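Given next are the chains, with one letter for each unit.
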Amino acid sequence: MNSKVKYDSWSITVDDLSYACDKWASALFFLGNGHAGIRNHLPLSSGLGLTERGIFIEGVFEYIRRGITDMVNLPDPFDLKLSAGGTILTSCSQLSLCSRSLDLRKGILTTVLAFGGREFRIEQFASHHDRNIAGIRVSTAAFPDVSIEDSFCADVANMPVSDDQKTSNEEVITLIKDASVSCEKDGIMSLSFSTVCGTHSFTFTKKNRDYICDGTLIHESLVSFCGGDLSCADYEEERDKSAETLSSLWQRRDILLEGASISLQCALRFNIFQLIQNAPSCDISIGARGLTHGRYKGCYFWDTDVFLLPYYLLADRSVAEHLARYRIRNLDAARRVSASLNTRGARYPWMASLDGSEQCESWDTGKCEMHISADVAWALSRYDAAFDLAEDERRAIAEVYAETARFWLSRFTYSSERDCYDLIFVKGPDEYCGVTSNNAYTNHMAILNVRLALKACDEGLIRLEDGEREKFSDFILKVRRPYSDRLGTILEDDNYLNLEDVDLSVLKGSDKPLYWTYDYDTLQRLRVLKQPDVLLLYLMQPSLFTVQEAERAWDEYEARCAHDSTLSWPLHALIAYKLGKEEEAWKYLYKSLFLDLENLMQNTHSEGLHIGAMGASLEAVLYGMLGHAFSCDEKVGTSPQLPDDVSHVSYCFLEKGEFRRRRV
Ligand code: IFM
């Protein structure tokens, strides 16, 4: 691989000046602990624009207009002003050296910069021990012409990214107000501020310490995002406690591919590391880009339920609980979304944030990509199956099944002529399908959702309304299930065969998404997929397919898939593993593990890290390569199928709530 990154088993390094200064590196060297996230810009002080810093805290959204929020770009607690030889560093063009290296085991980022004839070493961490703490240490030879200043920067603003993937951001919005700094004694200072509508108020406290040791000027700074008392806190102690906590987490999280190349092992660890860095500490969800970027206004999508939860079910029960409970506690909000669309029951929003309302502002996606409600029900059923849940929680989940089932019954249209239920004006996971009829994925997931409601009723967890049992059963029998005899498998939707048959290899020459070249209006008329749809259904409900039908689905849909969503490669890897297509699986898995590390889709710099895709990649490893069951109706399998260059695998897996180490 012609790589921008130097890989070691436990670290990544970028030392090419132009790459290390690129926005892609700010995403790659993101530091987080699930509660706080720091996008790693270089310390250019006044050279940084209002929107360039990127400090985020889980669940901190503010309204940017009526009903619509953005994830707040918070004040920067480490506004470093470095000077050497009489100049302040404000631009990358002043640098003669820039090397950045992230230690994945300890969660410590080291940056070495040279300008004005002097060299500075910067060490940073976001604590895994106390998630409200982050720290930075700068050291340089103590020449008289160097100085290090460090304060708060509350001069920050948001640039809400449009939902439309092709529209670039222009609007700058200030979401911070009433910022005031107060300095106390012994290098302690604090910054108090609120978000513009008063939704959140914060006090950040900070402790700076400067000293010279053996001719080296050292500046250390710790911040507490909750205004904690730092008077007795020591930088090294906090850094080491964080590293210890993270290292012990790794003992349960590491997946060692013995015999794999160093870069592959490192890429796998980088993916796991990001799922640690972005795992919430309370009952909220994970944004599509985690805490690494404000893309999609920081919103939560089905990505979390379908592509991240399965990983946490194996890796960390408490995170799985947070994700599941976020959906359960937002049932009322989902009821309101449904009522606003004149349907019954509960409909989960395509994009959600602060109050569980719909945050997607485009009609076709926001109103029509409705499979998310069934995805949530599916995810909760996986969660219920994985753990011994208390009766109350099972009842709350059953309520979600019943309410989402009611939504489906009112959203489908009954045709008395054909005695069947159709879903019209719908968009499936393949977002290039336009707004279509009877997307097979959505219809089958809705059936599963209604079945879950009936089962919960049979178990005595909920009571259905009078006549509802009969209506639900009738629905299950009569929902239209698109199928093509010609293709010999499930058909993506009613429109699929009307679309223009094109040769994808002529349209697409690189990994850059097609929507940069062709308008969506064109793409929706072509028989080209953005990401798996029927094939995803095969993952979620394999019993709907015979082996031959699954094979034919692969032949038809994989060949036409442009992989223009970052979710597509890892999902194809997992599907290929399930179908025993190891060569293809390996090809896709490899790409997906390196997606952000090598900026393969050329959007990591502008969007941050693709956390959903990372979850799906780990699913492909754990549930595909290593053979865990993925779906509702499959039993756990344990025969791993390994690519050629991997000889042994040891991994952690969950059995009756316990992790065991296993060597194959
Ligand atoms: O949820 C995804 C969707 O499937 C494809 N576009 C991006 C979204 C957020 O990751």
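What comes next is a walk through the structure. Here the structure is a predicted model, which is why all the values come from computation and not from measurement.

1. Quick notes on the nonpolar core
Nonpolar side chains in soluble globular proteins tend to be buried together.
Thought 1: Grouped together as the largest cluster of nonpolar side chains are 201 residues, with contacts concentrated most on Ile12, Leu74, Leu82, Phe204, Trp302, Tyr312 and Trp408.
Thought 2: Per element, the largest residue contribution to this core is 12 residues, and it comes from helix 11 (residues 440–458).
Thought 3: What Tyr312 contacts, discounting residues up to four positions off in sequence, is Leu275, Ala279, Ile286, Arg317, Val319, Ala320 and Leu323.
Thought 4: Listed in part, the 9 residues of the second largest apolar core include Tyr432, Leu507, Leu526 and Val528.

2. Here we look at the side chain of Thr205
Thought 1: As for its placement among the helices and strands, Thr205 is situated in strand 17 (residues 201–213).
Thought 2: Within polar-contact distance, the side chain of Thr205 engages the backbone oxygen of Gly228 at 2.7 Å.
Thought 3: Here Thr205 is in contact with Phe152, Met189, Ser190, Leu222, Val223, Ser224, Gly227, Gly228 and Leu230, once residues within four sequence places are set aside.

3. Brief notes about the site of the ligand
Thought 1: Around the ligand, the neighbouring residues are Ala288, Arg289, Tyr296, Phe301, Trp302, Asp303, Trp350, Glu431, Lys530, Gln531, Ser565 and Leu567.
Thought 2: Within the side chain of Asp303, one N or O atom sits 2.6 Å away from an oxygen atom of the ligand.
Thought 3: Here the ligand, which alone exposes 280 Å², has 95% of that area covered by the protein.
Thought 4: Among the residues forming the shell around the ligand, the class breakdown is 6 nonpolar, 2 polar and 4 charged.

4. Quick word on the packing of aromatic side chains
Thought 1: Under the defined criterion, the tally for this structure stands at 31 aromatic pairs.
Thought 2: Measuring from centroid to centroid gives 5.5 Å for Phe193 and Phe202, while their planes differ by 25°, and the two rings are stacked. This pair shows no difference in class: Phe193 is buried, exactly as Phe202 is.
Thought 3: Through a chain of ring-to-ring contacts, the aromatic side chains of Tyr296, Phe301, Trp302, Phe307, Trp350 and Tyr441 assemble into a single cluster.
Thought 4: Lying over the aromatic face of Trp24, Lys4 brings its terminal NZ or CZ to 5.1 Å of the ring centre.

5. Digging into the side chain of Ser565
Thought 1: Within the element layout of this structure, Ser565 appears in the loop between helix 16 (547–558) and helix 17 (568–578).
Thought 2: Classification of Ser565 by relative accessible area gives buried; the value is 10%.
Thought 3: Here Leu567 takes part through its backbone nitrogen, which lies 3.0 Å from a polar atom of the side chain of Ser565.
Thought 4: Residues in contact with Ser565, not counting those within four places in the same chain, are Lys530, Gln531 and Met601.

Parameters and conventions
Residues numbered from 1 in each chain as written. Predicted model: local features only at pLDDT ≥ 70, side-chain atom pairs only at ≥ 80, totals over all residues. Heavy atoms only, no water. Core = buried A, V, L, I, M, F, W, Y, C linked by side-chain atoms within 4.5 Å. Buried < 20%, exposed > 50% of the residue type's maximum accessible area, 1.4 Å probe, protein only. Helix = DSSP H or I, 4+ residues; strand = E, 2+ residues; numbered from the N terminus. Contact = heavy atoms within 4.5 Å. Polar contact = N/O pair within 3.5 Å; in protein donor to acceptor, adjacent residues only side chain to side chain. Near = heavy atom within 4 Å. Areas by Shrake-Rupley, 256 points an atom, 1.4 Å probe, with all protein chains shown as cover. Nonpolar A, V, L, I, M, F, W, Y, C, P; charged D, E, K, R; others polar. Phe/Tyr/Trp six-rings, centres within 6.5 Å; stacked < 30°, edge-to-face > 60°. Lys NZ or Arg CZ within 6 Å of the ring centre and 35° of its normal.

Read these as layout, nothing more, since geometry by itself doesn't imply function.
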